[in-house]
Amino acid sequence: REAVVSTQSTGIALNAYSLTCSSHIHIQGPFQSVGRVMDVLSDVLDDGYCSVPGSFVDSGILGSPPIRSLLPVANRTFPLRDGETEFCVRIGDGVASPVKLLDGSQPQNISFYLDAAETVELCSFDDASPQYQIQGSSWTPLGSVLNFSLITSRPLSCDLSVCFGDGTYGKTYLTLSGAAGDVTLPIVDPEGRIIGTLECSVTMIHGREVERGLHPRKVPATTLEIGHRGCGVTHTDRELYDEFTCVPENTLSSLHLAYRHGADMVETDVTVTMDNKAVLYHDLEVAPGIPLAHTSSNVLWKLPLPEINATDSQKRDQLLLSPSEGLETVRFGSKLFPELRDVLAMLPGGLGIMLEVKSNIAEKGRIPVPYHGDKNKIVDLILSELANSAGNRNIILCSFCPTICLMLRRKQDRWPVVLIVQGSTETYHDYSDGRLRSLDLCVKLALSENLHGVSVFSGLLTDRCQEKIAAIKESGLATFVWGYHTASQEFRDYLRSEGITGLIYDRIYEDTSLVKRTSDD
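Small disclaimer: the values here were computed from a predicted structure and weren't measured. (Residues numbered from 1 in each chain as written. Predicted model: local features only at pLDDT ≥ 70, side-chain atom pairs only at ≥ 80, totals over all residues. Heavy atoms only, no water.)

(A) Just the overall build of the chain, in detail. The number of helices and strands found in the chain is 11 helices and 26 strands. Counting the 521 residues in the chain, one finds 56% classified as buried. Long-range pairs, those at least 24 residues apart, make up 66% of the contacts in the chain with a sequence separation of at least 6. Accessible surface computed for the chain: about 22,000 Å², of which carbon and sulfur atoms make up 50%. (Helix = DSSP H or I, 4+ residues; strand = E, 2+ residues; numbered from the N terminus. Buried < 20%, exposed > 50% of the residue type's maximum accessible area, 1.4 Å probe, protein only. Contact = heavy atoms within 4.5 Å. Areas by Shrake-Rupley, 256 points an atom, 1.4 Å probe, with all protein chains shown as cover.)

(B) Local environment of helix α8 (residues 402–411). Among the 10 residues of α8, 9 are classified as buried, and the element is accordingly described as predominantly covered. Looking only at α8, the buried set comprises P402, I404, C405, L406, M407, L408, R409, R410 and K411.

(C) The arrangement of the nonpolar core in detail. One finds I382, L386, L397 and L495 to be the most contacted residues of the largest nonpolar core, which totals 88 residues. Discounting chain neighbours no more than four positions away, the residues touching L386 are L344, L355, G391, I395, L397 and W415. With 22 residues, the next largest nonpolar core counts I110, L160, L198 and C200 among its residues. (Core = buried A, V, L, I, M, F, W, Y, C linked by side-chain atoms within 4.5 Å.)

(D) Structural context of the environment of L80. Tracing the backbone through its elements, the reader meets L80 in the loop between β4 (49–51) and β5 (85–91). Expressed as a C-alpha distance, the spacing of L80 and E209, which sit 129 residues apart in the sequence, is 8.6 Å. Those residues in contact with L80, other than ones at most four positions away along the chain, are E86, I205, H206, G207, R208 and R410.

(E) Region of the structure containing the environment of G365. Tracing the chain through its elements places G365 in the loop between β21 (352–357) and α7 (375–389). What makes G365 exposed here is its relative accessible area of 88%. A C-alpha to C-alpha distance of 9.1 Å links G365 and D430, two positions 65 residues apart in sequence.

(F) Layout of the environment of V481. Looking at the secondary structure, you find V481 in strand β25 (residues 478–482). Linking V481 and I226, residues 255 residues apart in sequence, is a C-alpha distance of 9.9 Å. Residues contacting V481, with those up to four places away along its chain left out, are V456, S458, L461, T486, L495, I500, G502, L503 and I504.

(G) Spotlight on unusual backbone geometry. We note that N276 has phi near 65 degrees; this positive angle belongs to a residue other than glycine. As for its position among the elements, N276 is in the loop between β17 (265–272) and β18 (278–280). Even without being glycine, R507 reaches a positive phi, approximately 50 degrees. Here R507 lies in the segment after β26 (502–505). Look at R507 and you get buried, because its relative accessible area is 12%.

Rendered as structure tokens:
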């Protein structure tokens, strides 16, 4: 059963009876009032899904997330319900072709066709504004370097036909039933001979019980001031910084101090221990060769605090014990690995949190740090902690890992999700996934997966900064900036003048433009 909701710029016409009797809701008409429509739907629609053509206007903290096609087909729900599973298959990364021919030739002008058109959506990142859509009965041209994804909400087995520009074609067999990870499939010609291989990556996303309906948030009128790991870096990336903060990063002391010095939000890192405790910590290893994911929380909490020299110690005490601010340091310790639930309970309610979900991502020429096998469990645990303890606090979820971002977006619709963009620079090692080495492809990835924004490394903005920021904003994505270049007050002021959504930087207590708080109110 289906119902149609019409929107008008001056009001909304709703038939509550038809909504409660319907499982499929379609919104038509002008979209100035779609935010209000969605609020009403969250109240009257107990089950089913909602499709919104065009742009979806949301009253969230990030303004207008680029929902290009919220639920384009009937076999998808948003977010996934408990017990449902969605398969996402990535083929190519926009840099190297995933098709390898045995004769060593480079395939050109490749086209694909799946024989499961009624259950599969395709998205090509060659499009200026990529979005998932039903393939239909026509072939999907993908150029010479492939970069596309397909999504289906049910297990399937289907033929995937490959046609090359010279008229050669072959087939491979794609099975989605429960396996996830990198897969290499043989391509055979009409005579049954293997002529090449196709490399793809399969992600399986499990639904979970969620609170439906977007959480009300205030749209920021000015750039959000976000303290990096609280008050800044103390023990990682030291070669990039001339000066370090004197309060241990990702601790309650550091997060709270940033709030007292004017931060709207703090950016902090969350990972999960071997005994399933969500804790704040940046690195995936607690010591060389000792993955945090393989360490229990009772071992972590017995580790000594990092040593600091006398100068740092004196400066730390001045910041924490300034009589004019009256900080009660007894309430906020410098203990490493604080639990996420404690952080949510103890920090002032007016302090927002930009929560980076850590994950191991393959880097070119390097072996990834061991991590938990099933990212679904990690994401579910963190989302459960937020559902239980976040309350009305402003939360933004983010990650460098596209798979984590996809899971965060598909498993809940309460908090915005942002992709962190590192790009390809001399500062950091390049990721193996070619999409993550290009700002343009990262923006397209965020658009296609209905993410709310991108958080861009400042090193990518050292040239054509205004042009790049304008392009991201025009796409409808929220724009955050992070990186050691933001240590410059001049650069921060420039980014604010460009109207970016959020600015993430170290030593926020040194910014003279911020108003300090004398209490936790």
